[in-house]
Amino acid sequence: MKLSKYILGSVLCLSLASCELLEPGDIVNPNVDEEAFLKSPNAMQTWVNGTEKNFAMGIGNYCQLMEILSDNYYNNYSRSSNVFDMPRLLNTDDDVKDLQRYAGNMREAADYAFNTVAKYDKNFTDEEKFKMYYIKAYSFILAGEHFTGLPITDGGEVKPWKEHLQLALAHLDLALPFAKTDADKAFVHTLKARTYYRLGDKANATAAAKASLSASADYVKQVMFDGDNGVNNVAQEAIWGNWFQPLPRLDFLDPKYFMIKTNEQRPICLAKAEENHLILAEAALADGNVEEAKQILHQLLALVSARPVQTDLDDHLEGRFNGGTKHYPNSSEYVVAASADDPFRSGLVIDRQAPHLISVSYISGTSVDGEMINKCSTVDETLELVYLMRQEIFIAEGRRVSDLGIRMPVGDVEAARTPSAQGYTEALIPPFIPLNHGLDAFTMDETTKRVTITYNMNRVIVKNKSSEYVAPFFH
């Protein structure tokens with residue numbers, strides 16, 4: 001495989017580990033070609049560092065765009081996509097094509113480490129192999145969760161999303177022997193549980209979830225950024241920078257990414273122990289065992305309650321409008337109903353204006369409490385609570401879109417050169433997804449301070465659980 005100049009150049013430019021590739025003053029030497037790089041000292045370390053940074057930037061872009069494609073956030077400003085919110089997903093859309101490229105670049109960069117760099121630099125450590133295997137696996141997870149189909153090799157035939165998830169599982173198995181710590185083992189098992197879950201394989205998903213919790217009951221795996229060197233979390237830019245406004249029922253969880261010192265770039269969670277509890281609870285419900293699911297949710301609630309919280313955060317510049325197109329509730333006086341058929345709840349919208357300082361859960365948070373869990377008596381009631389907790393726990397992590405069953409098409413450039421792309425050039429938007437910005441719709445009475453969300457999408461998911469699009473354990 002010949003690596004594209006784009007990937008080679010971007011990885012080298014982002015790598016900070018090898019001063020041999022730099023001119024005085026830390027300027028990347030423009031005369032370093034592929035051959036010179038491969039023969040340089042520490043080529044593998046340089047390549048792995050650069051691949052990690054490219055991976056981080058790809059994850060940030062996925063998080064930013066998937067959040068507005070979902071019902072979590074609305075793009076209330078002119079920057080970023082203004083059509084994902086509708087949702088409208090065309091294979092001519094540059095954002096759709098860029099997301100495809102990010103996944104492909106992750107895969108190719110990992111392959112280049114194994115197939116090319118390793119031939120020149122024999123110092124390929126187990127830790128580096130672990131990183132390259134899980135990055136490649138993650139590229140297949142992104143493709144399998146978010147697209148109808150994509151190529152599995154550069155310029156290769158387009159394969160359906162399930163094949164990408166199967167390849168993710170194969171590469172996670174390759175990564176596992178190089179996972180030296182309990183946290184790393186738990187990380188791999190969680191990704192396997194996540195992948196089996198999306199495939200609807202309940203037995204293997206629950207086995208992997210239990211293996212992860214046995215290895216570590218509270219681990220978190222994050223992708224890191226580097227604000228001092230321009231490796232920025234673009235999801236943070238949109239969320240902390242007030243481009244995006246959260247669905248009012250999620251206001252208390254925003255902003256998951258914030259800045260309390262110059263150039264600070266907050267990490268994004270790739271996986272965490274909470275996901276295993278959510279998978280186990282949903283599996284119990286698929287078996288009709290409500291009481292077991294409730295016990296698991298209580299365990300999950302204890303874990304979430306133990307997660308760190310950023311206190312005394314000054315967010316007074318967030319006016320929930322900021323010159324955008326739509327006003328949002330901006331004080332704790334507001335109560336929020338998940339739909340016209342749901343009760344109003346307090347505490348979901350918090351006070352941000354001076355002199356108020358806020359507290360935000362930056363790993364996981366939820367509005368669900370033990371009483372809400374105890375009140376559930378049916379599979380559907382409990383399953384709706386599971387999806388609410390999934391929405392809240394994974395907010396700003398780019399996870400909600402796959403729960404809604406939305407999939408992007410293969411880009412037009414790929415389709416034009418690959419006959420096998422036919423059948424994958426249209427987005428998949430399930431028939432129960434509201435269009436025309438319906439995912440983000442709500443009404444707000446500024447006199448009574450009542451906000452009513454138009455669609456309770458967690459209930460919509462449950463009502464459609466037997467469809468092919470959502471709740472994979474139920475069909």
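Residues numbered from 1 in each chain as written. Predicted model: local features only at pLDDT ≥ 70, side-chain atom pairs only at ≥ 80, totals over all residues. Heavy atoms only, no water.

**Focus on the packing of helix 4 (residues 94-120) against helix 5 (residues 126-146)**
Taken N-terminus to C-terminus, the directions of helix 4 and helix 5 make an angle of 150°; their axes are 8 Å apart at the nearest point. When the interaxial angle is binned, helix 4 and helix 5 end up roughly antiparallel. Every pair of crossing elements has a handedness; the one defined by helix 4 and helix 5 is left-handed. Facing helix 4, whose interface residues are A103, M106, R107, A110, D111, A113 and F114, helix 5 presents K129, M132, Y133, I135, K136, S139, F140 and L142. (Axes fitted to C-alpha atoms, helices over the stretch in contact; angles between N-to-C directions. Helix = DSSP H or I, 4+ residues; strand = E, 2+ residues; numbered from the N terminus. Parallel < 35°, antiparallel > 145°, perpendicular 65-115°, else oblique. Left-handed = near helix turned anticlockwise from the far one by under 90°. Contact = heavy atoms within 4.5 Å.)

**Quick look at the packing of aromatic side chains**
This structure, assessed with the given rule, holds 15 aromatic pairs. Ring geometry for W243 versus F244: centroids 6.5 Å apart, planes at 70°, classification edge-to-face. Of the two residues, W243 and F244, neither departs from the other in class, the shared state being buried. Cluster of aromatic residues (ring-pair linked, three or more members): F55, F130, Y134, Y138 and F187. The cationic tip of K221 hangs over the ring face of F187; the distance from NZ or CZ to the ring centre is 5.5 Å. We note R407 situated over the ring of W161; from NZ or CZ to the ring centre the distance is 3.9 Å. (Phe/Tyr/Trp six-rings, centres within 6.5 Å; stacked < 30°, edge-to-face > 60°. Buried < 20%, exposed > 50% of the residue type's maximum accessible area, 1.4 Å probe, protein only. Lys NZ or Arg CZ within 6 Å of the ring centre and 35° of its normal.)

**Details of helix 7 (residues 182-199)**
Its 18 residues place the ends of helix 7 26 Å apart at the C-alpha level, agreeing with the 26 Å of an ideal helix rising 1.5 Å per residue. Counting buried residues along helix 7, 14 of its 18 residues qualify, which places the element largely inside the surrounding structure. Taken from the residues just after helix 7, G200 is the one with a positive phi, measuring 80°. (Expected span 1.5 Å × (residues − 1).)

**Topic: the nonpolar core**
Of all hydrophobic cores here, the largest spans 140 residues; its most connected members are F55, I59, M66 and F84. A per-element tally of this core places helix 3 (residues 43-69) first, with 13 residues. Beyond its immediate chain neighbours, meaning those up to four positions away, F55 contacts M106, Y134, I135, Y138, V223 and L270. (Core = buried A, V, L, I, M, F, W, Y, C linked by side-chain atoms within 4.5 Å.)

**Side note on the packing of helix 10 (residues 274-286) against helix 11 (residues 290-305)**
The N-to-C vectors of helix 10 and helix 11 enclose an angle of 170°; their axes lie 8 Å apart at closest approach. What the angle tells us is that helix 10 and helix 11 run roughly antiparallel. Relative to helix 11, the crossing made by helix 10 is left-handed. Where helix 10 abuts helix 11, its residues E274, H277, L278, L280, A281, A284 and L285 lie against V290, E292, A293, I296, L297, Q299, L300, L303 and V304. Residue composition of the contact of helix 10 with helix 11, grouped by class: 12 nonpolar, two polar and two charged. (Nonpolar A, V, L, I, M, F, W, Y, C, P; charged D, E, K, R; others polar.)

**Observations regarding unusual backbone geometry**
A cis amide bond, omega -10°, links M86 with the succeeding residue P87. Structurally, P87 can be placed in the loop between strand 3 (73-75) and helix 4. Of note, the bond from D254 into P255 is cis; its omega dihedral lies within 30 degrees of zero at 5°. When you line up the elements, P255 lands in the loop between strand 7 (244-246) and strand 8 (268-272). Phi angles above zero are rare outside glycine, and N436 is one such case at about 55°. Its place among the elements puts N436 in the loop between helix 15 (412-417) and strand 13 (442-445). Despite not being glycine, K449 has its phi angle at roughly 60°, a positive value. Within the element layout of this structure, K449 appears in the loop between strand 13 and strand 14 (450-453).

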